[in-house]
Amino acid sequence: MTAPVIGVLGLQGDVREHRAALESSGATSTVVRRPEELAQVDALVIPGGESTTIDMLTRVVGLRDPLRSRIAGGMPVYGSCAGMILLADRVLDGHPDQQTLAGLDVTVRRNAFGRQVDSHEGDLEVRGVGGGPVRAVFIRAPWVEEWGDGVEVLAAVEAKGESRPVVVRQGALLATSFHPEVTGDHRLHRLFVGMVTAA
Ligand SMILES: NC(=O)CC[C@H](N)C(=O)O
């Protein structure tokens, strides 16, 4: 079987690191910055950054509607951090003008972990990812506050007295609150490439 072609949305964030992680997980990777480039890919990674900025830039470059329709049409997408926010159907603490690409039946809270712990790390068991805990690097990260029946919670952390999902999956959509591309551990990218191959 030929390797799936997975695009990395190249408007902001760790584009090079995501591409390297995808390539080492058996995919061919490419950068997506224009609608013509989106049309060439089987699947997409949306890196972290600032969700309001990425939202604004997708509109500027004419990618917002093509992205929304590819996602609604079942294209596999992995969103990390701001990418999780962009996939969410509902956002708490968003900017008043902020919109998302939608698809994932979750409500996410932006910057959920609060000021004292803007950035932190921890080891997490992720369902479906073998080989021991994953080092999770959270940077002004969101968490999932509500989720629909079709959403599988693959990992959660305890915060403010409750269990907060930080890795979720719904069909061909995968989202993490943290940044796996910065640790050199490619198991989450491998999970996603497996989802793309199966789709
Ligand atoms: N590391 C990140 O992607 C941070 C996300 C950012 N706080 C936002 O709301 O978009």
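Everything numeric in this text was worked out from a predicted model, so none of it was measured.

This part takes up the UniProt feature "active site" (unreviewed entry) in the protein chain. The sites that UniProt annotates as "active site" (unreviewed entry) are Cys81, His179 and Glu181. Spatial clustering of the annotated residues is evident: they stretch over 101 residues in sequence, but the largest pairwise C-alpha distance comes to 11.2 Å. Within the secondary structure, Cys81 sits in the loop between β4 (77-80) and α5 (82-87). Setting aside residues no more than four positions away along its own chain, Cys81 makes contact with Gly48, Ile139, Arg140, Ala141, Pro142, Thr176, Ser177, Phe178 and His179. By the secondary structure assignment, Glu181 is in the loop between β12 (173-176) and α6 (187-198). Residues in contact with Glu181, not counting those within four places in the same chain, are Asp14, Glu17, His18, Ser80 and His189. Polar side-chain contacts of Glu181 include one of 3.4 Å to the side chain of His18.

Counting 34 residues, the largest nonpolar core has Ile6, Leu124, Val126, Phe138, Val166, Phe178 and Phe192 as the members making the most contacts within it. The element contributing the most residues to this core is α6, with 6 residues. Those residues in contact with Val166, other than ones at most four positions away along the chain, are Met84, Phe113, Leu124, Phe138, Ala155, Ala156, Val157, Ala175, Thr176, Ser177 and Phe178. Counting residues in each nonpolar core, the second largest holds 28 residues, with Val41, Leu63, Ala88 and Leu101 among its members.

In the structure shown here, the tally under the stated rule is 4 aromatic pairs. Judged by centre distance (5.0 Å) and plane angle (85°), the ring pair of Phe113 and Trp143 falls under edge-to-face. Of this pair, Phe113 sits in the loop between β6 (104-109) and β7 (119-124) while Trp143 sits in strand β9 (residues 143-147), and the two are 30 residues apart along the sequence. Assigned by exposure class, Phe113 and Trp143 land together as buried. When the centroid spacing of 5.6 Å and the interplanar angle of 70° are considered together, the rings of Phe138 and Phe178 count as edge-to-face. With Phe138 in strand β8 (residues 134-139) and Phe178 in the loop between β12 and α6, this residue pair connects regions lying 40 residues apart in the sequence. One aromatic cluster is present, formed by Phe113, Phe138, Trp143 and Phe178 through successive ring pairs.

The rules behind the values
- Here the residue index of a chain counts from 1 through its sequence in written order.
- At least 70 in pLDDT is required for a residue's local features to be given in this predicted model, at least 80 for side-chain atom pairs to be given and counted, and no such filter applies to totals for whole chains, interfaces and linings, which use all residues.
- For side-chain calculations, the full set of non-hydrogen atoms in the structure is used, while hydrogens and water are omitted.
- UniProt positions are given in the numbering used here, feature names are shortened, and annotations may be inferred rather than shown by experiment.
- Numbering of helices and strands runs from the N terminus, with a helix taken as a DSSP run of H or I at least four residues long and a strand as a DSSP run of E at least two residues long.
- Contacts were defined at the residue level, with two residues in contact if any of their heavy atoms lie within 4.5 Å.
- Any pair of N or O atoms that falls within 3.5 Å is considered a polar contact. Within protein, one atom must be able to donate a hydrogen and the other to accept it, and sequence-neighbouring residues count only if both atoms are side-chain atoms.
- Residues belong to a common nonpolar core when they are buried Ala, Val, Leu, Ile, Met, Phe, Trp, Tyr or Cys residues joined through side-chain atoms within 4.5 Å.
- In this scheme, a residue with accessible area under 20% of its type's maximum is buried, one over 50% is exposed, and one in between is partly exposed, where area comes from a 1.4 Å probe on protein chains only.
- Side-chain rings of Phe, Tyr and Trp (the six-membered ring for Trp) are treated as a pair once their centres are within 6.5 Å; stacked means planes under 30 degrees apart, edge-to-face means over 60, and tilted covers the remaining angles.

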